[in-house]
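Chain and residue survey
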Amino acid sequence: MAHDIAGVFDKFAIYGDFISAAPYGSGHINDTYKVVSDQAGTIVHYIFQRINTNIFKEPVGLMDNIRRVTSHICARARGRKDASRQSLCIVQGKDLKPFVVDADGNYWRGYLFIEKAQTYDVIKNAEQAFEVARSFGNFQKELVDIPGGRLFETIPDFHNTPKRLEALEAAIKADMKGRVKDVAAEIDFVMSRRGEVSKLVDLNAAGQIPERITHNDTKLNNVMIDDASGNGICVIDLDTVMPGLVHYDFGDMVRTSTSPSMEDEKDLSRVYMQFNMFEALLRGYLESAGNFLNPVERENLPFSGKLITLEIGIRFLTDYLSGDVYFKIHRPEHNLDRCRTQFKLVSSIEEQMPQMMALLNSIQ
Ligand SMILES: Nc1ncnc2c1ncn2[C@@H]1O[C@H](COP(=O)(O)OP(=O)(O)O)[C@@H](O)[C@H]1O
Ligand SMILES: [Mg+2]
């Protein structure tokens, strides 16, 4: 659907002329536009995003999280050189809300466009992995002391692995598409690891690992990489920022950044954890997050890579058994292929766990 971006522009507190707008980026959750405006003779760019309210059903609570998080980070950065490229900066509506609503009821947010930086969809090398992990670790660190009480839980139980396992068990029982008989090996794979799925939530319940503010979508393409230096400069895509365990972020980085393959690769021999990528992630993450983590959080970082990968595999398997209702598929068995890549990666992580722990213990 084409959107009336000029009309949306008019609702923001931007003093200038709308020139043009074009779809931007490769994200597939929100509709993102790059907007060109003229302000007193200078061209200024913005990002406008229509919030996907099918997924994020409470846009007001979500934008309140983003407002709190970005204003906290911006306040910290004030005075620093290049501060406005180091955090997303929200453009307010004319009514001073952190979003505007168009004539069709769509919720829109505006950000300053971060110039001279890019996001990458496919990781190029270990240096990028280091930068991505350092950026997300820094993001968590900046939010350790955010005032104002608990953030809104945008998607409750997002990384509650025991609940994800319960959903799988329900899907097996229902067997809506008669597919259970074809996935005995995958079901066995999960069930033989069921003793581990509640490890992190149990440690949290026992008070050994605290709830913190986490990003929850720690893919490479959610960090802007500075063109000139190659450094990660700004964490973006803040829809899923909410209370969580640090492991959700670190674990998902291991899942999405260590294998040379795509998430739906059919040739499983191509799916494995590259140790040098894990090492880069761990070193980058500890460089920024190392000094706020407690010892139990720290010692569970390698395990989190395994658990979050297993969890996403469980979700793909659940969706396959339920008739592919959540994740978009582009071929039959797409979700099963995705499940298999996750489980293959879990096995690869398990094989390398002793070295991963040794590396962790060698870093001061
Ligand atoms: N403030 C910004 N400045 C420049 N580019 C941005 C900005 N925000 C987002 N982008 C670009 O738009 C793409 C999609 O945005 P993102 O918030 O990640 O949406 P999605 O949830 O759809 O992944 C990003 O990968 C990035 O390239
Ligand atoms: Mg994104």
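Residues numbered from 1 in each chain as written. Chains lettered and ligands numbered in written order. Predicted model: local features only at pLDDT ≥ 70, side-chain atom pairs only at ≥ 80, totals over all residues.

1. Focus: the overall build of the protein
The helix and strand inventory of the protein stands at 11 helices and 11 strands. At 21 Å, the protein has a C-alpha radius of gyration in line with the 21 Å of a compact globule built from 364 residues. Dimensions of the protein, computed from C-alpha atoms along their principal axes, come out at roughly 65 × 50 × 40 Å. Taking all 364 residues of the protein together, 41% fall into the buried category. Pairs at least 24 residues apart make up 73% of the contacts formed inside the protein by residues separated by at least 6 positions. (Helix = DSSP H or I, 4+ residues; strand = E, 2+ residues; numbered from the N terminus. Rg over C-alpha atoms; globule rule 2.2 N^0.38 Å. Buried ≥ 20, exposed ≤ 12 C-beta atoms within 10 Å, placed from the backbone. Contact = placed C-beta atoms within 7 Å.)

2. Some remarks on the sheet that holds strand E9 (residues 223-226)
Taken together, the 3 strands give an open sheet; going across it, the order is E7-E9-E10, and neighbouring strands pair in antiparallel fashion. Two strands close off the open sheet at either side, each with one partner strand: strand E7 (117-118) and strand E10 (232-235). Bridge count between E7 and E9: 2 bridges; the pairing is antiparallel. Directly across from Gln-118, in E9, lies its bridge partner Ile-225. Lying on the sheet, helix H3 (residues 126-142) is in contact with E9 and E10; it crosses E10 at an angle near 45 degrees. (Pairing = 2+ DSSP bridges. Axes fitted to C-alpha atoms, helices over the stretch in contact; angles between N-to-C directions.)

3. Topic: the packing of helix H8 (residues 275-289) against helix H11 (residues 334-362)
What describes two packed helices is the angle between their axes and the distance between those same axes. In contact at an axis separation of 11 Å, H8 and H11 are set at 30 degrees when each is read in the N-to-C sense. Crossing geometry of H8 relative to H11 is assigned as right-handed. Of H11, the residues touching H8 (which contributes Phe-275, Phe-278, Glu-279 and Leu-282) are Gln-352, Gln-355, Met-356, Leu-359 and Leu-360. (Left-handed = near helix turned anticlockwise from the far one by under 90°.)

4. Comments concerning the pairing of strand E6 (residues 107-112)
Look at any regular strand and the pattern is simple: side chains alternate between the two faces of the sheet. As paired elements, strand E3 (residues 42-50) and E6 share 5 bridges and run antiparallel to each other. Looking at E6, one finds that Tyr-46 is bridged to Leu-112. Judged from the 2 bridges that link them, strand E5 (residues 100-101) and E6 form a sheet pairing that is antiparallel. Paired with Val-100 across the strands is Trp-108, a residue of E6. Hairpin connection of E5 to E6: 5 residues between the antiparallel strands, including Gly-105 at a positive phi of 85 degrees.

5. Focus on the packing of helix H4 (residues 161-174) against helix H10 (residues 301-321)
Running from amino to carboxyl end, H4 crosses H10 at an angle of 25 degrees, the nearest separation of the two axes being 9 Å. With respect to each other, H4 and H10 are oriented roughly parallel. Crossing handedness for the pair H4 and H10: left-handed. Each of Thr-161, Arg-164, Leu-165, Ala-167, Leu-168, Ala-171 and Ile-172 in H4 lies in contact with H10, whose residues at this interface are Leu-307, Glu-311, Ile-314, Arg-315, Leu-317, Thr-318 and Leu-321. A per-class count over the contact of H4 with H10 returns 9 nonpolar, 2 polar and 3 charged. (Parallel < 35°, antiparallel > 145°, perpendicular 65-115°, else oblique. Nonpolar A, V, L, I, M, F, W, Y, C, P; charged D, E, K, R; others polar.)

6. Focus: H10
The end-to-end C-alpha distance of H10, which contains 21 residues, comes to 31 Å, matching closely the 30 Å that a straight helix rising 1.5 Å per residue would cover. Within H10, 20 of the 21 residues are buried, which leaves it mostly tucked inside the rest of the structure. Positive backbone phi, at 90 degrees, marks Gly-323, one or two positions downstream of H10. (Expected span 1.5 Å × (residues − 1).)

7. Quick word on the site of ligand 1
Around ligand 1, a shell composed of 17 residues is seen, among which Gly-25, Gly-27, Ile-29, Ile-114 and Asp-237 lie nearest. Residue contributions to the shell around ligand 1 reach at least three from each of two domains, namely domain 1 (5-115) and domain 2 (126-362). (Near = placed C-beta within 6 Å. Domains from an automatic or database assignment.)

8. What about the nonpolar core?
In this structure, Ala-129, Ala-133 and Leu-281 are the most contacted members of the largest nonpolar core, which totals 82 residues. Per-element tally for this core: the top contributor is H10, with 10 residues. In contact with Leu-281, not counting residues within four places along its chain, are Ala-129, Ala-133, Met-253, Val-254 and Ser-257. (Core = buried A, V, L, I, M, F, W, Y, C linked by C-beta atoms within 7 Å.)

9. Structural notes on the environment of Arg-164
Among the secondary structure elements, Arg-164 is positioned in helix H4. With residues up to four places along the chain from it excluded, the contact list for Arg-164 reads Glu-311, Ile-314 and Arg-315.

10. Here we look at the domain arrangement of the protein
Entries for the protein in the domain assignment read domain 1 (5-115) and domain 2 (126-362). A separation of 28 Å is found between the C-alpha centroids of domain 1 and domain 2. At the interface, 17 residues of domain 1 touch 15 residues of domain 2. Counted by class, the side of domain 1 that touches domain 2 contains 8 nonpolar, 5 polar and 4 charged residues.

11. Comments concerning the environment of Ala-167
Note on placement: Ala-167 falls in helix H4. Residue class for Ala-167 comes out partly exposed when judged on the 19 C-beta atoms lying within 10 Å of it. Residues Ala-167 and Gly-105 lie 62 residues apart in sequence; the distance between their C-alpha atoms is 33 Å.

12. Focus: unusual backbone geometry
Its identity is not glycine, yet Lys-116 carries a phi of approximately 60 degrees, on the positive side. Locating Lys-116 in the fold gives a position in the loop between E6 and E7. Here the phi dihedral of Asp-237 falls at roughly 60 degrees; this positive angle occurs in a residue that is not glycine. The exposure class assigned to Asp-237 is buried, which follows from the 22 C-beta atoms found within 10 Å.

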